[in-house]
Amino acid sequence: MSHHHNHGDGGHQHSHNESADNSVSRQSLYPKILRSEIRCLNERIEGSGQTVFRPLDERLNREQFVVSDCDAELIFNVPFSCNVKLTAVTIIGADDSSHPSSVKLYKNRDGITFDDTGAVCEQTLELVRDPNGVIEYPVKANKFNNVHSLSLYIPGNYGDSDETMVYYIGLWGEYMSEFRREAVNVVYEARANPMDHKLSHTNQVIYEIN
């Protein structure tokens, strides 16, 4: 498997809110996530990636988490039961170097693999260590209307370890039109091949939130 890391998706900045901005909708999108259909790539334990999407009041549950398998990368392909408008993201990791350092967001790709991560994404967020889930990262409003699936690609963590750990991912926004989901046949790579999937993520570019 080949990996290309082209970063052509916008400006350069990091921004976050430690408390919710009243001008930004923070309705949880969890009720509209089709959790049983979430596909996590490079998870050590099959199905563990689904468990990090859960209600806000369960965000500090340390018994449910996902750890990357053969290197530090993780991909989450998240389908929704209706169109949504994404306004913000929260990611909880461990309070150590295994915490994700950035995440790339892809809209309506219906299941990316590691071969697709070089494509231009809608937005890249630089993450800070947030073991308690107090930070919401606002996204570009004009980029995330009418979202029926969201892919999150985590390229690495704060250390040199091959293990990236995530405890919780919260998605915030608004519900939009209801629709009937049709089956989409996608071949997912459940686990990466250690021979093809090396940890080599440097010179990450962080993009501006306008």
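Scroll up a little and you will see the structure.
Here's a quick rundown of the structure.

How each quantity is defined
Residue numbers here run from 1 along each chain, matching the order of that chain's written sequence. Local features are withheld for residues below a pLDDT of 70 in this predicted model, meaning they are given only at 70 or higher, and side-chain atom pairs are given and counted only at 80 or more; totals for whole chains, interfaces and linings count all residues. With hydrogens and water stripped out, all remaining heavy atoms of the structure feed into the side-chain values. Put simply, DSSP H or I for four residues or longer makes a helix, DSSP E for two residues or longer makes a strand, and each gets a number counted from the N terminus. Note on exposure labels: buried denotes an accessible area under 20% of the residue type's maximum, exposed denotes more than 50%, and partly exposed covers the range between, all computed with a 1.4 Å probe on protein chains only. Throughout, a contact is declared for two residues whenever any of their heavy atoms are within 4.5 Å. Each accessible area value is a Shrake-Rupley result obtained with a 1.4 Å probe; residue values ignore everything except the protein chains displayed when judging cover. The rule for a salt bridge is simple: a side-chain nitrogen of Lys or Arg has to be within 4 Å of a carboxyl oxygen of Asp or Glu. Whether two strands pair depends on DSSP finding at least two bridges between them. To qualify as a nonpolar core, a set must consist of buried Ala, Val, Leu, Ile, Met, Phe, Trp, Tyr and Cys residues joined through side-chain atoms within 4.5 Å. Working convention for charge: Lys and Arg count positive, Asp and Glu count negative, and His plus the chain ends are omitted. Polar contact is defined as a pair of N or O atoms within 3.5 Å, subject to the rule that within protein one atom must be able to donate a hydrogen and the other to accept it, and that residues adjacent in sequence are counted only when both atoms are side-chain atoms. Each Phe, Tyr or Trp ring (for Trp, its six-membered ring) is paired with any other whose centre lies within 6.5 Å, and the angle between the two planes then decides the class: stacked below 30 degrees, edge-to-face above 60, tilted in between. A ring has a charge above it when a Lys NZ or an Arg CZ is no more than 6 Å from the ring centre and no more than 35 degrees off the ring normal.

**Here's the deal with the overall build of the protein chain**
- The helix and strand tally for the protein chain stands at 0 helices and 9 strands.
- Listing every helix and strand of the protein chain by position from the N terminus yields β-β-β-β-β-β-β-β-β.
- For the protein chain, with 210 residues in total, the buried portion stands at 47%.
- Counting only contacts in the protein chain whose residues sit at least 6 apart along the sequence, the fraction spanning at least 24 positions is 84%.
- For the protein chain, the accessible area works out to roughly 9700 Å², and carbon and sulfur atoms hold 44% of it.

**Observations regarding the pattern of salt bridges**
- Applying the stated criterion across every chain yields a total of 2 salt bridges.
- Across the salt bridge formed by R44 and E163, the nearest N and O atoms sit 2.9 Å from each other. Placement of the pair is R44 in the loop between β2 (39–41) and β3 (66–67) and E163 in the loop between β8 (147–154) and β9 (165–178), with a sequence separation of 119 residues.
- Assessed through its relative accessible area of 36%, E163 is described here as partly exposed.
- Between R109 and E122 there is a salt bridge, and its shortest N-O distance comes to 3.3 Å. In this pair, R109 sits in the loop between β5 (102–107) and β6 (123–126) while E122 sits in the loop between β5 and β6, placing the two residues 13 residues apart along the sequence.

**What about the pairing of β5?**
- Across the 6 residues of β5, 5 count as buried, placing the element largely inside the fold.
- Sheet topology places β5 next to β8; 4 bridges connect them, and they run antiparallel. Its bridge partner being in β8, K104 is matched across the sheet by Y153.

**Description of the nonpolar core**
- Core analysis: the biggest nonpolar cluster contains 31 residues, and F53, F76, L105 and L171 have the highest contact counts within it.
- Within the residue set of this core, elements represented by two or more residues are β4 (74–93), β5, β8 and β9.
- Per-element tally for this core: the top contributor is β4, with 9 residues.
- Residues within four places of F76 in sequence aside, it is in contact with R39, C40, G49, V52, F53, V66, L150, S151, L152, I154 and I169.
- Grouped together as the second largest cluster of nonpolar side chains are 8 residues, V67, A88, Y167 and W172 included.

**As for the side chain of D130**
- If you trace the backbone, D130 turns up in the loop between β6 and β7 (137–138).
- No salt bridge is formed by the buried D130. Its closest oppositely charged neighbour is R59, at 7.8 Å.
- Within polar-contact distance, the side chain of D130 engages the backbone nitrogen of G133 at 3.1 Å.
- D130 has contacts with T90, I91, I92, G93, H99 and I135, leaving out every residue within four places of it along the chain.

**Notes on the packing of aromatic side chains**
- This structure, assessed with the given rule, holds 3 aromatic pairs.
- A ring pair is formed by F114 and Y153, whose centres lie 6.4 Å apart and whose planes are at 75°; its orientation type is edge-to-face. Taken together, the residues F114 in the loop between β5 and β6 and Y153 in strand β8 connect sequence positions 39 residues apart. Just as F114 is buried, Y153 falls in that class too.
- Residue placement shows K32 over the ring face of Y175; its charged tip is 5.1 Å from the ring centre.
- Here R129 stacks its cationic end above the ring of Y158, 5.3 Å away from the centre of that ring.

**Details of the environment of T124**
- Positionally, T124 belongs in strand β6.
- T124 sits in the buried class, given a relative accessible area of 3%.
- Taking the C-alpha atoms as reference, T124 lies 9.8 Å from I154; in sequence the two are 30 residues apart.

Interpretation note: all reported values are geometric properties and have no functional meaning in isolation.
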